[in-house]
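# Inside the fold
Take a look at the letters that make up each chain.
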2 protein chains.
Amino acid sequence: MASPTPTPARQRRRGHDPESVLATAVGVFNERGYDGTSMEDLARALGMTKSAIYYHVPGKEQLLARALDRALDGLFELMADDGAAKGTGIERLEWVVRQSVRILVDRLPYVTLLLRVRGNSPTELAALERRREFDRFIGRLVTEAAVEGSIRPDVDPALVTRLLFGAVTSISDWYQPARGASADDLADALLKMTFGGLRV
Amino acid sequence: MASPTPTPARQRRRGHDPESVLATAVGVFNERGYDGTSMEDLARALGMTKSAIYYHVPGKEQLLARALDRALDGLFELMADDGAAKGTGIERLEWVVRQSVRILVDRLPYVTLLLRVRGNSPTELAALERRREFDRFIGRLVTEAAVEGSIRPDVDPALVTRLLFGAVTSISDWYQPARGASADDLADALLKMTFGGLRV
DNA sequence: GTCTACTGACCGAATGTTCGGTAAACACAA
DNA sequence: TTGTGTTTACCGAACATTCGGTCAGTAGAC
């Protein structure tokens with residue numbers, strides 16, 4: 001605690017650590033897909049040999065597990081937040097959409113990876129189950145907004161849930177932070193389109 | 001033309017053919033991901049041995065190429081259709097959204113596969129390039145609708161393009177035909193939400 | 001000398017693909 | 001009806017390569 005080094009994560013010796021290996025790995029996973037990425041690919045991207053990776057992390061699947069947890073932890077914190085419980089149904093829905101966009105942007109590579117998981121291993125299945133819990137949470141919010149009469153009655157709440165969050169999750173497919181749009185810019189555009197409507 | 005056999009595609013002998021192998025393969029590709037699917041997996045799903053697959057199709061990558069073409073051909077036919085050229089900008093945009101949903105639903109497994117392509121091989125890169133051409137076509141439509149003043153001026157047309165078609169493409173992630181919703185049901189809900197707005 | 005952060009050689013398993021072979025179905029002549 | 005030759009649709013084994021992962025050794029900072 002009273003350590004003289006203010007940055008305990010970074011060792012004195014230059015080189016890699018579990019965190020930087022994870023960050024690079026997630027980048028490559030998103031480029032090539034998890035199954036399409038070999039440890040050889042990772043080693044090349046990290047500038048080291050395959051075996052050196054195993055000094056920092058236990059293996060390929062743990063790399064995936066850590067990345068998925070990072071995305072899911074963000075979403076679960078959001079679910080537990082006060083903002084998701086205060087106000088009318090539609091206010092809470094709007095807040096959750098906005099925060100979901102923020103988490104997606106803040107943790108872009110991790111959430112991107114999560115959204116591509118198919119359930120090919122116990123690790124992926126566990127992540128999928130946690131993700132479905134979040135989806136059910138959204139579904140409940142939309143239903144409440146519909147029940148209170150805040151959203152148009154001529155659309156199925158279940159469809160709205162999927163389509164609305166389809167637009168949200170699509171962000172991970174095309175968003176490039178370098179182009180200048182912030183998380184709030186994205187959320188504003190998305191909410192204007194889906195809540196207010198495109199038509200003038 | 002004057003052939004005595006009315007069904008030239010189907011031979012007298014029962015068993016598999018390139019078409020049924022492709023259909024099954026695309027199903028497995030979508031379950032496990034292309035890279036996560038082995039020829040052994042395909043063989044199991046087809047009820048034959050790995051080597052028998054090669055009697056019907058040249059290889060794994062050609063299976064992918066054929067599937068991607070099937071999806072892209074649909075999208076390109078849509079671009080060339082009269083409906084995409086008649087009416088005001090926003091009318092054409094609405095028509096294209098509706099038809100895109102229809103193609104997505106009609107060719108669900110093929111389009112799903114296309115939407116997951118990452119560019120890991122020349123086959124995938126070629127498909128990605130064709131897909132980007134379709135995306136640019138949509139972008140032009142949205143811009144025209146914005147220029148003619150049919151959509152709200154306080155949102156960036158480029159963002160609208162991505163978000164609107166993000167909602168469309170998300171359909172492949174969650175749509176289950178067995179649940180009863182038709183392509184038109186989906187398009188109706190999507191257009192009500194994005195063009196009219198959810199808020200009452 | 002000790003610890004950290006690696007390298008290089010290597011392992012068994014799995015990968016996509018090819019090969020030689022074969023049983024059943026077929027077309028057709030005798 | 002039977003015999004002959006050909007095609008169809010497959011199997012089992014083997015191929016070279018790549019996979020994720022292990023381990024003994026070691027260069028350099030302390």
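Residues numbered from 1 in each chain as written. Chains lettered and ligands numbered in written order. Predicted model: local features only at pLDDT ≥ 70, side-chain atom pairs only at ≥ 80, totals over all residues. Heavy atoms only, no water.

### A short note on the domain arrangement of chain A
As a measure of interface size, the accessible area lost when the parts come together is often cited. Residues and elements named next belong to chain A. Partitioning chain A into domains gives domain 1 (18–57) and domain 2 (64–196). The C-alpha centroid of domain 2 is placed 28 Å from the C-alpha centroid of domain 1. Counting from both sides, the interface comprises ten residues of domain 1 and, opposite them, eleven residues of domain 2. Surface buried jointly by domain 1 and domain 2 totals about 850 Å² across both partners, of which 58% is contributed by carbon and sulfur atoms. Area buried by domain 1 at its contact with domain 2 is led by Leu22, Val26 and Asn30, which between them contribute 51% of it. Summed over the shared surface of domain 1 and domain 2, the number is one salt bridge. Glu19 is the salt-bridge partner of Arg70, the closest N and O atoms lying 3.0 Å from each other. (Domains from an automatic or database assignment. Contact = heavy atoms within 4.5 Å. Buried area = accessible area lost by both parts, 1.4 Å probe. Salt bridge = Lys/Arg side-chain N within 4 Å of Asp/Glu carboxyl O.)

### Brief notes about the nonpolar core
Counting 134 residues, the largest nonpolar core has Ile53 and Ile171 of chain A together with Ile53 and Ile171 of chain B as the members making the most contacts within it. Residues in contact with Ile171 of chain B, not counting those within four places in the same chain, are Leu163 of chain A together with Val101, Leu104, Leu186 and Leu190 of chain B. (Core = buried A, V, L, I, M, F, W, Y, C linked by side-chain atoms within 4.5 Å. Buried < 20%, exposed > 50% of the residue type's maximum accessible area, 1.4 Å probe, protein only.)

### Some points on the UniProt feature "DNA-binding region" (unreviewed entry) in chain A
The UniProt feature table records "DNA-binding region" (unreviewed entry) at residues 38–57 of chain A. Measuring from the first to the last C-alpha atom of residues 38–57 of chain A gives 15 Å, for a span that is 75% helix and 0% strand. (UniProt positions renumbered as here; feature names shortened; annotations may be inferred. Helix = DSSP H or I, 4+ residues; strand = E, 2+ residues; numbered from the N terminus.)

### Remarks on the UniProt feature "domain: HTH tetR-type" (unreviewed entry) in chain A
The UniProt record marks residues 15–75 of chain A with the feature "domain: HTH tetR-type" (unreviewed entry), using the residue numbering of this structure. As annotated, residues 15–75 of chain A has a helix share of 75% and a strand share of 0%, and its two end C-alpha atoms lie 32 Å apart.

### Overview of the packing of aromatic side chains
Under the criterion given, the structure shown has six aromatic pairs over all chains. Taking 5.0 Å as the distance between ring centres and 75° as the angle between the ring planes, the aromatic pair formed by Phe29 of chain A and Tyr34 of chain A counts as edge-to-face. Judged by centre distance (6.2 Å) and plane angle (75°), the ring pair of Phe134 of chain B and Phe165 of chain B falls under edge-to-face. Placement of the pair is Phe134 of chain B in helix 7 (residues 122–147) and Phe165 of chain B in helix 8 (residues 157–174), with a sequence separation of 31 residues. A relative accessible area of 10% places Phe165 of chain B in the buried class. Above the plane of the ring of Tyr34 of chain B lies Lys60 of chain B, whose end atom (NZ or CZ) is 4.4 Å from the centre. (Phe/Tyr/Trp six-rings, centres within 6.5 Å; stacked < 30°, edge-to-face > 60°. Lys NZ or Arg CZ within 6 Å of the ring centre and 35° of its normal.)

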